[in-house]
Amino acid sequence: MTQNEQTPQEHTLDNSLALLKDGYDFIFKRRREMDTEIFRTRLLGQPAICMGGKDAAELFYDTTKFKRSGAIPKRIQKSLFGVDAIQTLDGDAHRHRKMLFMSLMSRERLDVFTELLREEWEAAARRWEKLDEIELFGESQELLHRAACRWSGVPIDEETVRQKADDMGDMVEAFGAVGPRHAAGRRARRRTEEWLEGFILDLRAGEFKVPEDTAAYAMAFHRDLQNRELDARMAAIELINIVRPIVAIGRYVVFGAIALHEHPQYREKLAADESKYRQWFVQETRRFYPFTPFLGASVIRDFQWKGHEFEEGTMVLLDIYGTTHDPKLWENPDVFRPERFEYWDGGPFDLIPQGGGGYDGHRCAGEWLTIDAMRVGLEFLAKRLDYEVPEQDLGLSLSRMPALPESRFKMRKVRGNGRFALS
C-alpha cells in the first residue's frame, strides 16, 4: 500500500458544486463521515487536500511547507481581498507588509478605535430612537464603517457614507457566492479602489493631511523591501484591507445579538460584566457562529505528515468552521456556553475563526480589534439599550457563505434605557 492510499479519498470528477451546496460544513461533514482529520478530493478541476483539527491547523501554518501565493483564486482576490494583497504574499515580503498592519494595532491605537466606535454607537442609537424598526446588520455596518474611517484617516462624505459602507459589505458578501452577489462584490471593489486610489494620490500630493499614526498615512507612505512606495492602487487595496474587515464585524454584532436573544439568561451577567463575562461571551460567539469557512494554501515541496503525502503544488484547505466545532477540542461544541472560556488557555490552533498561529504569520492582524468591537456592541445591546425583537427567522444556513440570517436581525422600539441612558 502506498502512502497516498492511506489517505481517504472522494472518488469524484469535481466537488466544487458540493462545496457550494454544503458551504461551511463541506469539509467537516466529510471528516465526520470518513472518521478522519484529512481527505483528498477534487475542487476547481484540480486535486485538493482538506484537513481540520488542532494538529492540522498547526501544520497548515508551517511556512516551510505551505505558501499563500497562487492559492487564493483570482475571483476571490477580485472581490474580497484585492489582487496581490497581503493575503497572497509569502516570506520576507509578507513579513514586511504584516509589520505595517501590526504597527497599527498597538493597545493605544485600539483604545482610540474603541472610543470612536462607542461614539458611533451612541449617535446611531439616537437615530434609532426616532424609528419604529431598524435592521441591525445594515446599521452596524454603517456605524463600523464610520468608526473605521475616522480611525484610519479616511474622509467621510455624509451623502455617500451608507453606499460606501454597503460596498465594503458587498465585497464580503461576494465570498462563496456566484451570480449577482459575486458580481455586486466585484463592482463594489472597483468603485472603492478607484475612490481610495484617488485619495492616496491626493494625500501624497499634500491636498489632504492626516495624522501619521493612521492607516491612511501608513499605506500612502509605506515603502517595500526595495525602499519603494506602494503603487497607489496597491496602497488603496491595503487601506481597504483595514476598513473592510472592520465593516465585516457587523456579522459578529448580529451573531452576538442572536445569541443574546436566544440565551437571555446571560443579559444581567453581560451588563455587569462579572468575571470578564463579556469577554467569554465574545469568544464563544466567535467560536460558535459561522464566520470563516476554510482557508487555502498550496504545498511548497513534497513531504509526509502522519503517513499522508503532500505533493508540491497541491491545493490544501484548512477546515476553520469544523475546527471550532470539533468535539475533540470542545466539549459539547454545538451548545452555546460562554463559561467554557473561563479556563481556556488561549491556544493558537484551536480557536481559529480568524486564522491560527502567531501574528507574525497569516493570523488576522485585526483579531484584537474585532474582539474589542464585539465587546462594545455587547455593551450597548445588553446594558445601554432596550429594544424589542419582532418575530422573524433568525436561522443560519451553513450553505450560505458568508452566513447571515435572512432578516438581518430586526429590532423595534430601540431606546436608551433609564438606568444606562445614552450620554
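Residues numbered from 1 in each chain as written. Predicted model: local features only at pLDDT ≥ 70, side-chain atom pairs only at ≥ 80, totals over all residues. Heavy atoms only, no water.

Draft legend 1. Quick peek at the pattern of salt bridges. One pass over the full model with this rule turns up 43 salt bridges. Between R233 and E197 there is a salt bridge, with the nearest N and O atoms lying 2.7 Å from each other. Of the two residues, R233 sits in helix α11 (residues 232-262) while E197 sits in helix α9 (residues 180-204), which places them 36 residues apart along the sequence. Overall, the relative accessible area of 26% leaves R233 in the partly exposed class. One salt-bridge network, in which partners are shared between bridges, spans E139, E142, R146, E158, R162 and D166. (Salt bridge = Lys/Arg side-chain N within 4 Å of Asp/Glu carboxyl O. Helix = DSSP H or I, 4+ residues; strand = E, 2+ residues; numbered from the N terminus. Buried < 20%, exposed > 50% of the residue type's maximum accessible area, 1.4 Å probe, protein only.)

Draft legend 2. Broad picture of helix α15 (residues 367-384). Its 18 residues place the ends of α15 25 Å apart at the C-alpha level, agreeing with the 26 Å of an ideal helix rising 1.5 Å per residue. By the criterion of burial, α15 is predominantly enclosed, with 15 of the 18 residues buried. (Expected span 1.5 Å × (residues − 1).)

Draft legend 3. Looking closely at the sheet that holds strand β3 (residues 66-67). Across the sheet, five strands lie side by side as β1-β2-β8-β5-β3; this open sheet has mixed pairing. The open sheet is flanked by β1 (38-43) and β3, the only strands paired with a single partner. Relative to strand β8 (residues 315-319), strand β2 (residues 46-52) runs parallel, the two being bridged by five bridges. Note on β8: the bridge partner recorded for C50 is L317. (Pairing = 2+ DSSP bridges.)

Draft legend 4. Structural context of the packing of aromatic side chains. Taken as a whole, this structure holds 26 aromatic pairs when the rule is applied. Considering the side-chain rings of F113 and W151, the 5.5 Å spacing of their centres and the 70° angle between planes classify their relative orientation as edge-to-face. One end of the pair, F113, is in helix α6 (residues 107-128); the other, W151, is in helix α7 (residues 136-152), with 38 residues separating them in the sequence. On the accessibility criterion, W151 (3% relative accessible area) is buried. On the basis of an interplanar angle of 75° and a centroid distance of 5.9 Å, the ring pair of Y266 and F281 is categorised as edge-to-face. Taken together, the residues Y266 in the loop between α11 and α12 (267-272) and F281 in helix α13 (residues 277-288) connect sequence positions 15 residues apart. By the burial criterion, Y266 is buried, and F281 matches it. (Phe/Tyr/Trp six-rings, centres within 6.5 Å; stacked < 30°, edge-to-face > 60°.)

Draft legend 5. Quick look at helix α2 (residues 26-34). Along α2, the residues that are buried comprise F26, I27, F28, R30 and R31. The elements touched by buried residues of α2 are α1 (16-22), β1, β2, β5 (294-299), β8 and α14 (320-323). (Contact = heavy atoms within 4.5 Å.)

Draft legend 6. Looking closely at the sheet that holds strand β9 (residues 385-388). Strand order across the open sheet formed by three strands is β4-β10-β9, with antiparallel pairing between neighbours. Because the sheet does not close on itself, it has two edges, and the strands there are β4 (133-135) and β9. For this sheet, the mean inter-axis angle between neighbouring strands, taken without regard to orientation, is 50°. One ladder, built from three bridges, connects β4 with strand β10 (residues 410-416); its direction is antiparallel. Of the residues in β10, the one forming a bridge with E135 is K410. In the packing of α7 onto the sheet, contacts are made with β4 and β10, and the angle to β4 comes to roughly 65°. (Axes fitted to C-alpha atoms, helices over the stretch in contact; angles between N-to-C directions.)

Draft legend 7. Layout of the state of the cysteines. Under the counting rule described, the total for this entry stands at zero disulfides. Cysteine C149 is unpaired, with the sulfur of C364 as its nearest cysteine sulfur at 18 Å. The partly exposed category is assigned to C364, whose relative accessible area is 25%. (Disulfide = S-S within 2.5 Å.)

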